[in-house]
Amino acid sequence: MKKSAAVFFATGFEEIEALTAVDLLRRAGIETVCVSIDNEKRVTGSHNITVEMDAGLDRLDFGLYDILICPGGMPGTKNLEACEWLTKNIRASYENGKYIAAICAAPGIFAHMGLLQGRKACIYPGMEDELYQNGAAVCADSKVMKSGTIITSRGLGTAIPFALEIVAALLGQEKADALARSIVYTED
């Protein structure tokens with residue numbers, strides 16, 4: 001069965017984090033949709049790059065997706081967290097055993113929801129208190145942390161390992177390693 005992912009876009013999203021995930025997941029054969037949380041056809045990121053969306057939040061059947069992905073950026077992260085329909089469905093997906101993923105400041109959304117209690121997680125440097133205060137064990141030196149069905153990462157510079165971890169979670173490590181080789185990505 002083909003795997004699928006939804007990446008959520010809010011005004012002020014971090015472009016590299018969002019688009020690296022979309023690009024690498026699509027290269028891996030994972031059906032990936034760009035979703036506007038305010039149902040706009042285009043969303044502008046924190047560095048004034050505008051991206052065309054595949055869908056709006058109001059037309060999304062969350063149950064169809066194997067993973068929900070929240071990129072960081074400001075004020076993008078705050079806009080994602082303020083979207084009650086999104087956070088409600090993130091919680092439902094998580095409670096149904098599906099993957100959820102966040103990068104940069106966005107792991108704070110999961111922390112505020114109480115989803116990271118007792119789990120290892122990482123977040124953008126300097127924001128670790130968002131995790132500590134909400135019961136997560138912070139892994140400050142990790143580029144990416146997978147804890148159960150939750151994947152977190154630290155920021156723009158970790159966007160490729162973040163996307164590869166998602167590919168590994170959905171399709172297996174062998175597929176992620178092959179993708180890494182095909183894009184000439186190394187851990188060196």
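The structure under discussion appears in the preceding block.
About the thresholds
Residues numbered from 1 in each chain as written. Predicted model: local features only at pLDDT ≥ 70, side-chain atom pairs only at ≥ 80, totals over all residues. Heavy atoms only, no water. Pairing = 2+ DSSP bridges. Helix = DSSP H or I, 4+ residues; strand = E, 2+ residues; numbered from the N terminus. Contact = heavy atoms within 4.5 Å. Axes fitted to C-alpha atoms, helices over the stretch in contact; angles between N-to-C directions. Buried < 20%, exposed > 50% of the residue type's maximum accessible area, 1.4 Å probe, protein only.

Draft legend 1. Main features of the sheet that holds strand β10 (residues 144–147). If you trace the seven strands from one edge of the open sheet to the other, you get β5-β2-β1-β6-β7-β11-β10, paired in mixed fashion. Here the strands that pair on one side only, and so sit at the sheet edges, are β5 (55–56) and β10. In this structure, strand β7 (residues 99–103) lies alongside strand β11 (residues 150–153), joined through four bridges in parallel fashion. Each residue of the ladder has a partner; that of Ile103, found in β11, is Ser153. Of the strands in this sheet, β6 (67–70), β7, β10 and β11 are in contact with helix α6 (residues 159–171), which crosses β7 at around 175°.

Draft legend 2. Summary view of unusual backbone geometry. In this structure, the amide linkage connecting Met74 to the following residue, Pro75, adopts the cis form with an omega of 10°. Here Pro75 lies in the loop between β6 and α2 (76–82). Positive phi is not limited to glycine here, since Asn39 has a value of about 65°. Following the sequence through the fold, Asn39 ends up in the loop between β2 (31–36) and β3 (42–44). Classification of Asn39 as partly exposed rests on a relative accessible area of 37%. In the Ramachandran plot, Asn48 falls in the positive-phi region, its phi being about 65° despite a non-glycine side chain. Relative to the assigned elements, Asn48 resides in the loop between β3 and β4 (50–52). When its relative accessible area of 65% is taken as the criterion, Asn48 is described as exposed.

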